[in-house]
Amino acid sequence: MRSSRNVTALFGQGYRNFLDLLYPRRCPLCHRILRNSHQLICLDCAGDLRPVSGPRCYKCGKPVNGDEEYCRDCGAHPGAFDQGRGIFLYDDRMRYSIMKYKYFGCQEYSRFYGKALYIYGKDMLALWKPQIIIPVPLHRRKQRIRGFNQAELLAKELSRYAGIPVDTAILKKCHATRSQKKLDAAERKKNLQKAFQVVGNPAGMRILLIDDVYTTGSTMDVLAKLLLEKGASHVYFLTLCIGNNR
Ligand SMILES: [Zn+2]
Ligand SMILES: [Zn+2]
């Protein structure tokens, strides 16, 4: 992973500038080369940022129609977590951005994502007062193949701004899960319950889970349930993107 802070600390700004020449930074939203390597996104995209606004599900934060308190999913099966929010709608632009981030070597996009989580999530953080941040874990094998855990990078970036420590020792993904797309909600949940394990001690903790995308909410539900069973006092989540089933 190319970490700007580490590189600058080790080799100085000259080497950083040299790397920027070789691998120019790109805007995470339109993927054009950034003229100024200190920018996290280009000016056009900065002027066109659309975090989720308007009426939201009280529980998971999905957009809802004005008179609804809960989204369809939370109305039918409220998740075990206390509350959560996603920053951007999971639309085509964000889907493409996250694909580049996860699969095409654009880990540097985590700098923008992490800052967005903080800027647009800080009101909720002030309300929730989490003591630790836990990224949704990846299975060891998957992390080795991908080279990094996308949620962990987001958690670390958020942690820098929010001053809340990241803990990757409490939760583990001990079994790989097959693609969940073709499974119904009950099968999905059963699969996930077997996949994750609490291996540390979350007793009495107010926990913030972090992931890149929230869609059906089954992962957050299962993780919150496991953590609460082991004594966590509250479980919240923030994700970069959230689906829309309005
Ligand atoms: Zn852009
Ligand atoms: Zn909801």
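Report follows, based on the coordinates. (Residues numbered from 1 in each chain as written. Chains lettered and ligands numbered in written order. Predicted model: local features only at pLDDT ≥ 70, side-chain atom pairs only at ≥ 80, totals over all residues. Heavy atoms only, no water.)

## A closer look at empty space enclosed by the protein
For clarity, the threshold we go by: Lining residues are defined by having an atom within 4 Å of a point belonging to a cavity or pocket. Those points lie on a 1 Å grid over the protein atoms alone, cavities being sets where a 1.4 Å probe fits but cannot get out and pockets being open sets with protein on both sides within 12 Å along at least five of seven lines. Grid points are joined across faces, edges and corners, and a volume is the space filled by probe spheres set on the points. Segmentation into domains, and thus their bounds, comes from an automatic or database assignment.
Here the structure, examined in full by the defined rule, presents one cavity of 30 Å³ or more. Estimates place the volume of the largest cavity at around 50 Å³. Taken together, Arg25, Arg26, Pro28, Leu34, Gln39, Leu40, Glu108, Tyr109, Arg111 and Phe112 make up the full set of residues lining the largest cavity. Each of two domains, domain 1 (1–49) and domain 2 (50–242), supplies a minimum of three residues to the lining of the largest cavity.

## With respect to the coordination of the zinc ion (ligand 2)
Under the convention used in this document: Donor atoms: N, O and S within 2.8 Å of the metal, or within 3.2 Å for Na, K and Ca. Because water is excluded, sites can look incomplete. Sites are called tetrahedral only when four donors show all angles between 85 and 135 degrees, square planar or octahedral only when four or six donors show opposite pairs over 155 degrees and all other angles between 65 and 115, and irregular in any remaining case. Exposure classes here rest on a 1.4 Å probe applied to the protein chains alone. A residue is buried below 20% of its type maximum, exposed above 50%, and partly exposed in between.
Within the protein, the atoms that donate to the zinc ion (ligand 2) are Cys57 (SG), Cys60 (SG), Cys71 (SG) and Cys74 (SG), at distances of 2.3 Å. Coordination at the zinc ion (ligand 2) is tetrahedral, judged from the four donor atoms that bind it and the angles of 105 to 116° they form at the metal. In terms of primary sequence, the donors binding the zinc ion (ligand 2) are separated according to C-x2-C-x10-C-x2-C. What makes Cys57 buried here is its relative accessible area of 0%. The exposure class of Cys60 is buried, given its relative accessible area of 0%.

## A short note on the sheet that holds strand S5 (residues 206–214)
Note the following rule: A pair of strands counts as paired when DSSP detects no fewer than two bridges linking them. Starting at the N terminus, helices and strands are each numbered in turn, a helix being any DSSP run of H or I of at least four residues and a strand any DSSP run of E of at least two. Note on geometry: axes are lines fitted to C-alpha atoms, helical ones only across the stretch in contact, with angles between N-to-C directions running from 0 to 180 degrees. Residues count as neighbours in contact if any of their non-hydrogen atoms are within 4.5 Å of one another.
Strand order in the open sheet formed by four strands is S1-S6-S5-S2, and the pairing between neighbours is parallel. A strand with exactly one partner marks an edge of an open sheet, and here the two such strands are strand S1 (83–89) and strand S2 (132–135). Here the average twist between neighbouring strands, direction ignored, is 20°. Where S5 meets strand S6 (residues 234–242), eight bridges bridge the pair, whose relative direction is parallel. Considered in S6, the bridge of Arg206 is made with His234. Here helix H4 (residues 92–103) sits on the sheet in contact with S1, S5 and S6, set at roughly 105° to S6.

## Some remarks on the nonpolar core
Rules: Residues enter a nonpolar core if they are buried and are Ala, Val, Leu, Ile, Met, Phe, Trp, Tyr or Cys, with the set joined through side-chain atoms within 4.5 Å.
Counting 35 residues, the largest nonpolar core has Tyr113, Leu208, Ile210 and Leu238 as its most contacted members. Mapped by element, the contributors of at least two residues to this core are S1, H4, helix H5 (109–128), helix H7 (150–162), S5 and S6. Considering every element that reaches this core, the biggest residue donor is H5, with eight residues. Both domain 1 (1–49) and domain 2 (50–242) contribute no fewer than three residues apiece to this core. If we ignore the near neighbours within four places in the chain, the residues touching Ile210 are Leu117, Ile133, Ile134, Pro135, Val136, Ala151, Leu154, Ala155, Leu158, Met220 and Leu238. With 29 residues, the next largest nonpolar core counts Cys60, Phe196, Met220 and Ala224 among its residues.

## What about H4?
For the α-helix, the turn length of 3.6 residues means that residues three or four positions removed from each other point alike. The following threshold applies: One fewer than the residue count of a helix, multiplied by 1.5 Å, yields its expected span.
With 12 residues, H4 ought to run about 16 Å at 1.5 Å a step, and its terminal C-alpha atoms sit 16 Å apart, in line with that. Here H4 has its buried residues at Met94, Ser97, Ile98, Lys100, Tyr101 and Lys102. Along its buried surface, H4 packs onto S1, H5, helix H6 (140–146), H7, S5 and S6.

## Quick notes on the layout of surface pockets
In this approach, a probe sized like a water molecule rolls over the atoms, and the result shows the empty space that is left. This is how the line gets drawn: Polar here means any residue outside two lists: the nonpolar Ala, Val, Leu, Ile, Met, Phe, Trp, Tyr, Cys and Pro, and the charged Asp, Glu, Lys and Arg; Gly therefore counts as polar.
Looking at the second largest pocket, its volume works out to about 440 Å³. Lining the second largest pocket are 23 residues, with Asp73, Ala185, Thr216, Gly217 and Ser218 sitting closest to its centre. Of all elements in the fold, only helix H3 (72–76), helix H8 (185–195) and helix H9 (218–229) reach the threshold of two or more residues within the lining of the second largest pocket. Taken together, the residues of the lining of the second largest pocket break down into seven nonpolar, nine polar and seven charged.

## Some remarks on the packing of H5 against H7
This is how it is decided: For classification, angles of less than 35 degrees are called roughly parallel, those exceeding 145 degrees roughly antiparallel, those between 65 and 115 degrees roughly perpendicular, and all remaining angles oblique. The hand of a helix crossing depends on one turn: near helix anticlockwise from the far one by less than a right angle means left-handed, and clockwise means right-handed.
Where H5 meets H7, the axes come as close as 8 Å, and the angle between the chain directions of the two elements is 55°. If you check the angle between H5 and H7, you find them oblique. Two packed elements cross with a definite hand, and for H5 against H7 that hand is right-handed. Contact residues: Ser110, Arg111, Tyr113, Gly114, Lys115, Leu117, Tyr118 and Leu125 in H5; Leu153, Leu154, Glu157, Leu158, Tyr161 and Ala162 in H7. Residue classes in the contact of H5 with H7 are distributed as nine nonpolar, two polar and three charged.

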